[in-house]
Amino acid sequence: MQWEQCEIKDISHPDLRQCRICKQTRHALGASMNEINEAESARQIKAGAVLGYITIFINLLAGLIYTPWMIRSLGQDNYGLYTLSVSIIGILVMDFGLGAAVTRFLSLYNSRNDREAANNLLGIIYKFFFLLDIVIAIVLLAVYFSIGSIYRELSFVQIHKLKVIFLITGIYSILAFPFGTLNGILTSYEKFVQLKACELFYKLLNMALIIGALKLGYGLYTMVMANAVTGILNILMKLIFVRKSTNVRANYHYKEKKITKEIFSFSLWSTVVNIAQRFIYNIIPSILGIYCGAVSISVFGASATVEGIVFTFASAINGLFFPKVSRILTKENKEERLLELMIKVGRIQLFIIGIIFTGFLAVGRDFIGFWLGNGFQNAYICILFLIFPSIFELTQHIAGLTVTASGMVRLQSYVYAVMAVINVALSILLTREYKEVGAAVSVCTAYLFRTTAMNFIYYRKLKINVFRFFKECFFKMGIPLIVSLAAAVLIALIPYKGIPFFLIKGGVIAGIYLLLMWLFGLNAFEKELFLSLFQKSIKFFRRSLEKLF
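Quick caveat, the model's predicted, so the values are computed rather than measured.

**A short note on the overall build of the protein**
- Assigned secondary structure in the protein consists of 23 helices and zero strands.
- Each of the 549 residues in the protein was classed as buried or not, and the buried ones make up 48%.
- Counting contacts in the protein only where the partners sit at least 6 residues apart, residues at least 24 apart contribute 83% of the total.
- Here the protein has roughly 27300 Å² of accessible surface; of this, 65% comes from carbon and sulfur atoms.

**Focus: the side chain of Asn 455**
- For Asn 455, the position within the fold is in helix α19 (residues 409-460).
- If near-sequence neighbours (up to four positions away) are discounted, Asn 455 is found in contact with Gln 396, Val 466 and Phe 470.

**Considerations on the pattern of salt bridges**
- Summed over the entire model, instances satisfying the criterion amount to six salt bridges.
- As a salt-bridge pair, Glu 526 and Arg 347 come within 2.6 Å of each other at their nearest N and O atoms. Here Glu 526, found in helix α23 (residues 524-548), pairs with Arg 347, found in helix α15 (residues 334-372); they are 179 residues apart in sequence, far enough to count as distant. By the burial criterion, Glu 526 is buried, and Arg 347 matches it.
- The salt bridge involving Glu 393 is made with Arg 450; its shortest N-O contact spans 3.6 Å. A residue pair is termed long-range when its members are at least 10 positions apart, and Glu 393 in helix α17 (residues 390-393) and Arg 450 in helix α19 qualify at 57 residues.

**Description of the nonpolar core**
- If you look at the biggest cluster of nonpolar residues, it comprises 146 residues, and the most contacted ones within it are Ile 185, Ile 263 and Ile 368.
- It is α15 that contributes the most residues to this core, 20 residues altogether.
- In this structure Ile 263 touches Leu 98, Ala 101, Phe 105, Leu 121, Ile 124, Ile 125 and Phe 128, once residues within four positions along its chain are discounted.

**Overview of the environment of Val 164**
- Its location among the elements puts Val 164 in helix α7 (residues 156-176).
- A relative accessible area of 23% places Val 164 in the partly exposed class.
- As a C-alpha pair, Val 164 and Ser 85 span 79 residues in sequence and 9.6 Å in three-dimensional space.

**Topic: the confidence of the model for the protein**
- Of the residues in the protein, 87% have a pLDDT of 70 or more, and the chain-wide mean is 80.
- Of all helices and strands in the protein, the one with the weakest mean pLDDT is helix α1 (residues 2-5) (36), whereas helix α21 (residues 478-492) scores best (93).
- In this model, residues 1-36 is a region of pLDDT below 50 whose contacts with residues beyond four sequence positions or in other chains number 24 contacts.

**Some details on a positive patch on the surface**
- A contiguous patch of positive charge, built from Arg 410, Arg 460, Lys 461 and Lys 463, is present on the exposed surface.
- Its place among the elements puts Arg 460 in helix α19.
- Since its relative accessible area comes to 47%, Arg 460 is described here as partly exposed.

**Considerations on the side chain of Thr 358**
- For Thr 358, the location among the structural elements is in helix α15.
- Setting aside residues up to four positions removed in sequence, Thr 358 forms contacts with Leu 481, Ser 484, Leu 485, Ala 488, Ile 509 and Tyr 513.

**What about the packing of α15 against α21?**
- Viewed as axis vectors pointing N to C, α15 and α21 meet at an angle of 20 degrees, and their least axial separation amounts to 7 Å. As the angle between them shows, α15 and α21 are arranged roughly parallel. Crossing geometry of α15 relative to α21 is assigned as right-handed. Residues Leu 350, Gly 354, Phe 357, Thr 358, Leu 361 and Ala 362 of α15 form the contact with α21, whose own contacting residues are Leu 481, Ser 484, Leu 485, Ala 488, Val 489, Ile 491 and Ala 492.
- Of the residues belonging to the contact of α15 with α21, the class tally is 10 nonpolar, three polar and no charged.

**What about unusual backbone geometry?**
- Of note in the backbone geometry, Lys 435 takes a positive phi value of approximately 55 degrees without being a glycine.
- Residue classification places Lys 435 among the partly exposed positions, given a relative accessible area of 42%.

**Considerations on the packing of aromatic side chains**
- Scanning all chains against the criterion turns up 15 aromatic pairs.
- Seen in terms of ring centroids, Tyr 281 and Phe 300 are 6.1 Å apart; in terms of plane orientation they differ by 40 degrees. Their pairing is tilted. Placement of Tyr 281 in the loop between α11 (257-278) and α12 (284-291) and of Phe 300 in helix α13 (residues 294-318) is noted, with a sequence separation of 19 residues between them. Both residues of the pair, Tyr 281 and Phe 300, belong to the buried class.
- Ring pairs connect the aromatic residues Phe 357, Phe 388, Phe 392, Phe 469, Phe 470 and Phe 474, which therefore count as one cluster.
- The ring of Tyr 144 is capped by Lys 163, whose NZ or CZ atom sits 5.6 Å from the centre of that ring.
- Sitting over the face of the ring of Tyr 447, Arg 450 holds its NZ or CZ atom 4.1 Å from the ring centroid.

**Digging into a nonpolar patch on the surface**
- A cluster of nonpolar side chains, contributed by Leu 167, Ile 171, Leu 175, Phe 179, Phe 201, Leu 209, Met 225, Val 229, Ile 232, Leu 233, Leu 236 and Leu 239, occupies part of the molecular surface with about 950 Å² of accessible area.
- Put simply, the parts of the chain that give the nonpolar patch at least two residues each are α7, α9 (192-215) and α10 (220-245).
- At six residues, the largest contribution of residues to the nonpolar patch is made by α10.
- Tracing the backbone shows Leu 167 in helix α7.
- By relative accessible area, which is 41% here, Leu 167 ends up partly exposed.

Calculation criteria
Residues numbered from 1 in each chain as written. Predicted model: local features only at pLDDT ≥ 70, side-chain atom pairs only at ≥ 80, totals over all residues. Heavy atoms only, no water. Helix = DSSP H or I, 4+ residues; strand = E, 2+ residues; numbered from the N terminus. Buried < 20%, exposed > 50% of the residue type's maximum accessible area, 1.4 Å probe, protein only. Contact = heavy atoms within 4.5 Å. Areas by Shrake-Rupley, 256 points an atom, 1.4 Å probe, with all protein chains shown as cover. Salt bridge = Lys/Arg side-chain N within 4 Å of Asp/Glu carboxyl O. Core = buried A, V, L, I, M, F, W, Y, C linked by side-chain atoms within 4.5 Å. pLDDT = per-residue confidence, 0-100. Patch = residues over 30% accessible without salt bridge, like charges linked within 9 Å, V, L, I, M, F, W, Y side chains within 5 Å. Lys, Arg positive; Asp, Glu negative; His and termini not counted. Charge placed at Lys NZ, Arg CZ, Asp CG, Glu CD. Axes fitted to C-alpha atoms, helices over the stretch in contact; angles between N-to-C directions. Parallel < 35°, antiparallel > 145°, perpendicular 65-115°, else oblique. Left-handed = near helix turned anticlockwise from the far one by under 90°. Nonpolar A, V, L, I, M, F, W, Y, C, P; charged D, E, K, R; others polar. Phe/Tyr/Trp six-rings, centres within 6.5 Å; stacked < 30°, edge-to-face > 60°. Lys NZ or Arg CZ within 6 Å of the ring centre and 35° of its normal.

Pasting the structure below:
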């Protein structure tokens, strides 16, 4: 073989490209390695998606059973204070785009097999993280001493409680902040199984500790401490996985102005995006705290929890495609390849989001009634407003990933900045009169603006044919979706007559949606995919029953 005549045996060696003897052999071997990488990528995406949906199922059970029990155990006021504390930390503790920079640049370097550049990148980013951590600690300390003057609608006892839980959450956030690179590292190296396993472990352990603490009679402070402990354990697990399953090793001695400037520019515009995002859900509890009080905060917090479940359900798939998108951008006909992936993923996402929105429209009012009880009636309207933009936004998540992977975050930041201004302005205007419902309307309006503006960027800058996307997704699946929504409105008008009747209503709307989608919405590939998943699930449960009996 020609390979045996070559003195350079390591295909990762940079001089191998100049070897005239084995150039052809290396090209063939490289192609073979790419096929292996794509196969491993597909395996990680599938396995990661399975673990992701298991985590979602746990979150769904938590939302149905655990969250209302926790609210009753803590009390509505305490839960509102906990939501407020988390929102304040969410506004102030941000990675200034460094997490996105890790994912973007590491995915880029991995597509080039440039390990040295990846290690140098992490060395620079970790230095940024440590410096920012000091600044964040100073800011959190200043806010801690100003809580009483900011939230004047809260009582003296509520202010004291808020300060304690803010102190605990703040200390944990400062300790955890430098490890904000871990998710980006695992994602860029396509270690989705390990990443999703950590998320599942965190959720289960967190619930177990909080349930145990509240059952033993401990209250709000212990629950916040349990969150901090499980968060630290989650970080330790990710550190172990990064060390064991990747070859990345940060080079802290590396200094290069060009790459530092490039990271700074990307992170600067990503920071604008992050700040704008925090002026959506994170700012609302503060606005409600100023103008309304703890009850409105708790209603909006419960509504945001349901919206978070919907988002998590969709992002269980979407979050796995960043490295794949980065590879597509290095190939020919990238616009067509991206559009095909966007349509393929988007139709599945629309099917999932569609059944959630339709189902909640039909039985959501009844669900809120027995899930959260009295005092949360407005959550039904809030949730519908919060979920509605997801029908359009989450189906186009592949295009959103492409914006980040292409480094076009500056354009994205302009859109998000305007979105934030719209949300804050509308929230201040609407919450005084309409409280939590007004806040939900403002979020919905801001998100719809974002989706419209981002589609302009997808079409003009990324050259993605969004008109074809909407035709393939919303036009071809639109008729069964619209008919199902009409049926949901009619079913929602039927009065609540107990949980059995609620389940019947839910079964009817689900049956209508699935039948219409199967007959008029899904294509042959999607039908085969869902049948395959259904058959595998049946086999799994059958084997489980055989082992039990």
